[in-house]
Structures are given as C-alpha cells and as structure tokens.
Amino acid sequence: MAEESNQLPNLYALLIGIDFYMPNILPDGSRYKSLGGCVRDINHVEAFLKDTRKVPETQILKLTASVNPDQPDQEQPVEPPEKLPTRKNIVDSFRKLGEIAPKGAQVYMHYSGHGGRAKTVFPDIKGVGEIDEGLVPTDIGTSEGQYLRDLELAQLLKELVDKKLTVTLVLDCCHSGGATRGDAEIRGMNVEDDKPLKDTFEFVAPLEVLAATWESLTGAGTRGLKAGGVPESRDYVLLAACRQNEYAFEFPFNRETKEKNGALTYWLLDTLKQPYPGQTYKDLFERINAKIHSQFSTQTPILLGEGNRKIFGTEFGETVNTVTVMQVDFNAEAKETQAVLAVGQANGVSKGAEFAIYPRTTTDFTKKENRIAIARIIQRGSTQSLCKLEPIQGKELKVEQGDQAVQISASINLVRKVSLFHQEKATPEELAQSNLPSNKLRPEIFERQDADLEAIKNALPGNGWVELAEEFVSSDDDAGIDYIVAVNNVGEYEISDSSGIPLKNINPPLKIDDSGAPAIIVKRLVHLAKYKATSELDNADTDSPLSGKLTVEWLGTSDTFEKGDPIPRRNQLTKFTDASKPTVNISEWVFLSIRNDSSQTLNVAVLNLEADWAIEQIFPQKQKFWTLEAGKDIVMPLKASLDGKGNEVENTVKVFGTLDAADYQVLELPSLDQPMPFGRGTRSGNALAAILGAIDNEKPQTRKLTLGASPSTEWTTKQVVLTITR
C-alpha cells in the first residue's frame, strides 16, 4: 500500500474530460467527433490527486462525458446531466471551486477534450474579423450549446486569482485538426465556426468587465493569445498541450490495452510521479516538452505564467512515496529473482517502470547508497505488479518482504516499433478534388501498396534496433508504436512519427522502384532509433544529488558579435520575441548558458541533435568534456547555420554533466544515409559508460536500458530547443 510522508489538504481541483460529443455540424460539414482518452486522462489525474497527493474526494469537482462502448450509436453520454461538462456546468464548477477553496489554497484545473475556433462574438473588444478560441463543451451541438471562449476563460481565472488562490490550469486540447495515420487522434478541428449566439445567451460577466480583463492581459491588443486561447499572466500557471496551429494528440501509449491518453496528460503524470525537492513548473515542463516533442513532431507544449513556482505551491514539504515489497521468489524457469510490489494500474504505473528498493528500516530515502536493488515491472496488475530484481553494483541481491520501494524512472526503449500502414483507395469523388487526403491513394499506387510494404517487412529481420509492431508483442510493449512506414501518392516510401505526420528532412526521397529501397528504409529506421535513444536519455532518478542542479538556457542573440570577441553581458543581447520558442537568424550568434548549481565539480559536454538527424558534440570540440566547478557557469557563443533549401529548422541541444569521466562522442551520428560508426569509446569504468556504450552498439544487447542500477555514477542531463531561420 502506498505511503506518504506529507498530505496536501489545501489543494482543490476541477477536472473536465470529454470523450462524447453530442451530434454537431460545422460550417464545412465536419464535426467534433468523439474522442477516446479524455475521460481516462481525468480518471488518472483524479487517482494521482487522491492516492499520491491525498486530496479528499470532497475537494475534487469532476465533469465527464463518456462513450458507452456497447452503444456506439448513442446520442447522449452515460453520465447524469448534472455531471456532464456542458458549458453551464463548466462555468458553474469554476465558480463553485472558488467558493469551496479557502483563501491561500491551491486550485488545480485540468481540461481534456476538443479545443475550438469561432468567429469572434467580441468585435468591439478584439476587432472585426478576429477569432475566439476556447473549450468545446459536450453539448456544443445542441441549440443551447456554445464555446467557453477565451475572454470568458480569462475572466473565470481572474476571479479565482482575485480570491487569493494559487491557480494552475492544464489544457490538453488544441485548436487545429487534420487527417492522421495509425492510432493517433487529434483533439481539435481546423475550422472556424460561425454558430450564432441565441438571444437568451449570457456571458460569464458583463461585456465591459470582460473587456477590462482582456485589456489588462493583452495590453489592448486584438488577440494576444499564446496558448490554449488564454493570454499570458503572471498570476497563474498555464500548461497547454501545444502552440497555436499545432496538434494535441491522444495516443495508445499502452499497446497491451490499446487505451488512449492525451500526450500532455500522460507525460505530465509520469513526471509528477518522480518529484524532487524544489521542483518547479519549469522543471516539469522541460521534461514533458522533451518527451512529447521527440514522439510527436507537430506538438510542442507551452508553459505560461509563474514557471518558477514550485509545483503545487511553496508551502508544502518534501514528499516521499513508498510502496511495499509484498513477496520475493526465485523464478527457476526465468532464472531470475522476482518480487511483487504493492503498486499497479490503479496507481498509474506501467510496465517498465523502475523502483529503487530500500531496507524496511530506512527513514532517509535521499541517500542512494542505501539502495539494495532495482525492481522493474514486467507484469502489471490492478494493485500489485510482478517485478524483475536487478542487483546494485557491488552489493549482494538480498530483498525481503516488507522492504520499501521508491519509483525512480522508466527504462529507455532501445528496440523501437515500426508499423506498416496500408492506406485506403481514393474514391472517384476524392480523385476529382484538387488535393487528395493524405491517407488516400490513387488507384495505381494502391494496387501495388501491399507488395511494396511487404518488401519492407522482409528487410526488417536481423537489424536489432527496429521490429515490426504487428508481429512482436512482448510484456514490455506498453511504449507504443514509434514509426509508421507508408507509401504516398507520388510513389515514395514515407516515414512518419507515431501520430502519422511525415518526419522532416528524410532525404533524399526514396521511390518504391529504387534499387535497394527497402534496405535503405530499414537503415534509416535504425538511424532514427539510435537518434531517439540519445534524445530520450534522461536520468530521472530524483534521489540523485545532481537532480535539478544543471541549469541550461538560451540567453539571447547578437548580430554584431564576432568570433574572438568578449562574451557580451546579458543586457547587451537581443531578447527572444517569443521566450517559449527561442529563434535565431542565420546571420546571428546565439548564446547558451550552462550553470552548475550543485556542490560538486561536473564534467560537462554538449551535444547538438541536428535537424538532419545527425548528432555532434559541439563543446568541447578537442576533448571529451569540460570541467565546470560548483556554482560556476559558462556561456557559449554559437553561430547559427542552415543547410539546404528550407527556411526553418529546429535543433535540440543536450547538455550532460557527470562526476566521473565520460565519453559522449560515442553518441555521435552522421547525417542520414551516411555510414554508421559502432563500437567507439570506452565500455568500462562506470555505469554511465555502459549506458552510452549500449546505445553505440551495432545491435542492442537488451530491449530496455536500465538507468538506476548503479550507485557509483552520478550524472544529469538537460536539453533545450532552438529554432533557426533564414
């Protein structure tokens, strides 16, 4: 049974999840279709708040609209009317939250559902022809149904802030849409609705009040929107699923059950379950952003407001959640020691999750040397899970019933899943259109599609890094599909991410008739798998003394700096127009700051994960690492460059810091289709070297990479994204 050292009775929540949308029609004939993971999102958030944060049920307001799987043609959700997320119920619940939460309390609101766009009903405030963005209630298709628009949402948030409540809002939705391939769905529509207001319609406040609130937030601008339809404010924290004109995906992260979750909610909960002292919303965001953007290239989360505020406020002490070891046995058939932990699906954990085991007498779980084993879930139950025990380096594997476990991280998938996607044949009506839908094929391409994908299937076996998702289903397959291979309408093979969006910079295009094309596609998939392994490499062990101690940030740009000049002071640099999307022109220099906030000297190296799928160590260039003393920082000038014909690329810079020597050059990759180096650098000396070497192997020696098994090596990593434009 989970235990917790502190409770949070001063936390109140409003949770809204909408899977079922009543029949509706939009101006272009499309509709807000029902979703599959929003109510599950809310149920998981509710379980986290109750089980981990110990929030009483009386302090949680919940509105959901569920689909009845036994009645797919239903016209109403399964919940009673008073529990449905209609516009009226949502507004009333916002206000009730403000009534039940006392002054100084934390209030947390989480919305999972469609986001929408409509012609503004506030032309005197925003201007004629502008757009309202907002949340889409379940009853949007009824005569009374209307959006909860951005001005109204901003007003409801202001009312909570005015009551001296500490406000956090999470919006797992978007305001764009499109066709997808595979199992991913988009939470939004790319349509501007023009549904008129009824004469009896009432806004959440008088127009003059809405106007004053909007002007105070946007500086009298017309739109001023940056995320989820809500303007930025220093009075609350807003975490939104994506930027404007991007997609918010829901995806079956668990391949065993095929159950979908919103990408933002999934990684939000995954990160919240791995807290560390002093963790802020900015720390939370950085990990979520890295996880989501590596899987869904067209989804970039946004953090607005008080990002430096500690999660759920500053007045709460450290919380250490432990689970009990219920049983320990040696499995003779598997030739391994296994344990049963009192944690399961009800607690939101999944297969592959790792726990550090401590003796039952332990009171200080921050000392890593107290660990006696690492447990990894191999079979998950509802409240208990079977784990494989792995020894701590230099210690005897001796785990007993009653010992305590603390979740540290999930393993990194080394073996990636690829799905071969068979697209549909275009209808005569679709062929008559100027542009075919992206998931439909011309007849001549459709007729040979099966044979072309079969050639990829035949080329896959033996590579070690990627395997066919449809054929290999094991106990560790909860991570889902990583890549989709399809044939497009110009007769080319296309590699997409798990949402079905074609990956950028996969060049040159490969025709299905090109000699050796299937083998080249497999080589590209192997390259992408290794790139992704490095991108996702993260030490999420919150007990590490280095956790949260490496600060990496872009400072600004300069168009006058020249190589050899002194590093400009921060106030001499040009600030980024959008701090959430640092952008530099190829004519400019950009400056990266790395600060060692720990009490120990770190060995630092910087890798550039380039847009053409290459990985290069860019600092230091003539040695393996740079020694950065405790409390010191270093500022690096970097010259932006942009190859090829594109006008914009996105690069990720990943910074590693470790107490021991490490050779990060083993992670370097050439550009796509160039010869792949293997077996570089050292393979012994410490656990981090073994981790880096595992990614460098020609074939992985294990399906998952365990990060927590050694107490001897302390390391950390941070990554930041930079957009380069012409």
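Whatever comes next refers back to the structure up there.
None of the values given here were measured: they were computed from a predicted structure. (Residues numbered from 1 in each chain as written. Predicted model: local features only at pLDDT ≥ 70, side-chain atom pairs only at ≥ 80, totals over all residues. Heavy atoms only, no water.)

K.L.:
How would you sum up helix H4 (residues 150-162)? Please name residues and give values.
P.N.:
The periodicity of an α-helix, 3.6 residues per turn, causes residues three or four positions apart to be oriented the same way. With 13 residues, H4 extends 18 Å between its outermost C-alpha atoms, agreeing within 8% with the 18 Å of an ideal straight helix rising 1.5 Å per residue. In terms of burial, H4 is largely enclosed, as ten of its 13 residues are buried. Buried within H4 we find Asp150, Leu151, Glu152, Leu153, Ala154, Gln155, Leu156, Leu157, Leu160 and Val161. At the exit of H4 stands Lys164, carrying a positive phi of roughly 65°. (Helix = DSSP H or I, 4+ residues; strand = E, 2+ residues; numbered from the N terminus. Expected span 1.5 Å × (residues − 1). Buried < 20%, exposed > 50% of the residue type's maximum accessible area, 1.4 Å probe, protein only.)

K.L.:
Requested: an account of the environment of Asp132, with residues and values cited.
P.N.:
With respect to the element layout, Asp132 can be found in strand S6 (residues 131-135). Judged by its relative accessible area of 2%, Asp132 falls in the buried class. Between the C-alpha atom of Asp132 and that of Leu151, which follows or precedes it by 19 residues, the distance is 8.1 Å. For Asp132, the contacting residues outside a window of four places in its chain are Gly116, Arg117, Ala118, Lys119, Thr120, Val121, Phe122, Lys126, Arg149 and Asp150. Separated by 2.8 Å, the side chains of Asp132 and Thr120 make a polar contact. (Contact = heavy atoms within 4.5 Å. Polar contact = N/O pair within 3.5 Å; in protein donor to acceptor, adjacent residues only side chain to side chain.)

K.L.:
Got a sec to walk through the sheet that holds strand S35 (residues 633-639)? Specific residues and values, please.
P.N.:
A sheet is described by the order of its strands in space; here three strands give the open sequence S29-S31-S35, paired in antiparallel fashion. Whereas interior strands pair on both sides, the edge strands pair on one side only; in this sheet they are strand S29 (550-558) and S35. Each adjacent strand pair in this sheet contributes to an overall mean axis angle of 20°, direction not counted. (Pairing = 2+ DSSP bridges. Axes fitted to C-alpha atoms, helices over the stretch in contact; angles between N-to-C directions.)

K.L.:
I'd like to hear about the sheet that holds strand S14 (residues 302-305), residue by residue, with values.
P.N.:
The six strands lie next to each other as S3-S2-S4-S8-S11-S14, forming an open sheet whose pairing is mixed. On the outer flanks of this sheet lie strand S3 (60-65) and S14, each paired with one strand and no other. Recorded for the sheet is a direction-independent mean angle of 10° between the axes of neighbouring strands. Looking at chain direction, strand S8 (residues 166-172) and strand S11 (residues 236-240) are connected through five bridges and run parallel. In the sheet register, Leu171 faces S11, and the bridge partner there is Ala240. The strands touched by helix H1 (residues 38-51) are strand S2 (11-18), S3, strand S4 (106-112) and S8; relative to S2, the strand with the most contacts, the crossing angle is about 165°. In this fold H4 packs onto S4, S8 and S11, with an angle of close to 155° to the strand it touches most, S8.

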